[in-house]
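Notes for the structure review
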Amino acid sequence: MITETAICYREPGTADGMKVWQLIRQAGSLDVNSPYCYIMLCDYFRRTCVVAEENGETVGFLSAYRAPDREDTLFIWQVAVANTHRGRGLGKTMIKTVLEREACRGVRYLETTVTPSNIASRRMFFGLAAELQTICESEQGYEERFFPQESRHEPERLFRIGPLA
Ligand code: 9YT
């Protein structure tokens, strides 16, 4: 028997911050920021963030904000999907969910940065651009030299998707 449960996509609230931090830690492929950072995102930036939930469990998180000096651009900070829920389009659905909100009215471009090792994320953004019938351009972004050496951080390549219809 196959049991399909519904995934709910919603705005986060302050209380989601700690679960999001746990998700990011478990997911493994992203920078683990402080619990405080996720609480702030879930509170002050809730209108442009998305929690994906299944049976009350946090299985996905999208953090994003409108670029302060470019109103038409939504910067996507992190797209996190639980290991158990990969390959099911959660990342794309979270992005489409946020784009439909009032908070994203007038957004024509998506920008994000992705490390070379995060192949799934790169693939997702190119796939999303195709679905939205637009293009995905790639630029240098934040090279390794911007990061402290001891952090051993990979370069962050910039991807710009748009214009959106
Ligand atoms: C799209 C995405 O998840 N980018 C990750 C940026 C960075 N490496 C981070 O915050 O983990």
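What counts as what
Residues numbered from 1 in each chain as written. Predicted model: local features only at pLDDT ≥ 70, side-chain atom pairs only at ≥ 80, totals over all residues. Heavy atoms only, no water. Helix = DSSP H or I, 4+ residues; strand = E, 2+ residues; numbered from the N terminus. Rg over C-alpha atoms; globule rule 2.2 N^0.38 Å. Buried < 20%, exposed > 50% of the residue type's maximum accessible area, 1.4 Å probe, protein only. Contact = heavy atoms within 4.5 Å. Areas by Shrake-Rupley, 256 points an atom, 1.4 Å probe, with all protein chains shown as cover. Arc of directions from axis to C-beta. Near = heavy atom within 4 Å. Polar contact = N/O pair within 3.5 Å; in protein donor to acceptor, adjacent residues only side chain to side chain. Phe/Tyr/Trp six-rings, centres within 6.5 Å; stacked < 30°, edge-to-face > 60°.

A count of helical and extended segments in the protein chain gives 4 helices and 7 strands. Each helix and strand of the protein chain, placed in order from N terminus to C terminus, yields the pattern β-α-α-β-β-β-α-β-α-β-β. For the protein chain, the C-alpha radius of gyration of 15 Å lies close to 15 Å, the compact-globule estimate for 165 residues. Oriented by its inertia axes, the alpha-carbon framework of the protein chain measures out at about 45 × 40 × 35 Å. Within the protein chain, the fraction of its 165 residues that count as buried is 41%. Partitioning the contacts of the protein chain with sequence separation of at least 6, the portion at a separation of at least 24 is 63%. Within the structure as shown, the protein chain displays about 9,600 Å² of accessible surface, and the carbon and sulfur contribution to it stands at 51%.

All of the buried residues along helix α3 (residues 90-99) are Leu90, Gly91, Met94, Ile95 and Val98. Within α3, the buried residues cover an arc of 135° as seen down the axis, which keeps them to one side. In this structure, the buried residues of α3 make contact with β1 (8-10), β2 (50-54), β3 (57-66), β4 (73-81), β5 (109-114) and α4 (119-131).

A word on the site of the ligand. The environment of the ligand is formed by Leu30, Asp31, Trp77, Gln78, Val79, Thr112, Thr113, Ser121, Phe125 and Glu156. Val79 is positioned such that a nitrogen or oxygen atom in its backbone is 2.9 Å from an oxygen atom of the ligand. Between the ligand and the protein, one listed contact pairs a nitrogen atom with a backbone N or O atom of Thr113 at 2.8 Å. In the complex, the protein chains occlude 95% of the 330 Å² of accessible area that the ligand would expose alone. Mapped by element, the contributors of at least two residues to the shell around the ligand are β4, β5 and α4.

Following Gly162, the chain continues into Pro163 via a peptide bond in cis, with omega recorded as 0°. Mapping Pro163 onto the fold places it in the segment after β7 (156-162). Non-glycine residue Arg152 carries a positive phi angle of around 50°. The topology assignment puts Arg152 in the loop between β6 (135-142) and β7. A relative accessible area of 76% means that Arg152 is categorised as exposed.

As enumerated under the stated definition, the model contains 5 aromatic pairs in all. Relative to Phe61, the ring of Tyr38 lies with its centre 6.5 Å away and its plane at 80°, an arrangement referred to as edge-to-face. On the criterion of sequence distance, the pair formed by Tyr38 in helix α2 (residues 35-44) and Phe61 in strand β3 is long-range, its members being 23 residues apart. Of the two residues examined, Tyr38 and Phe61, each falls in the buried class.

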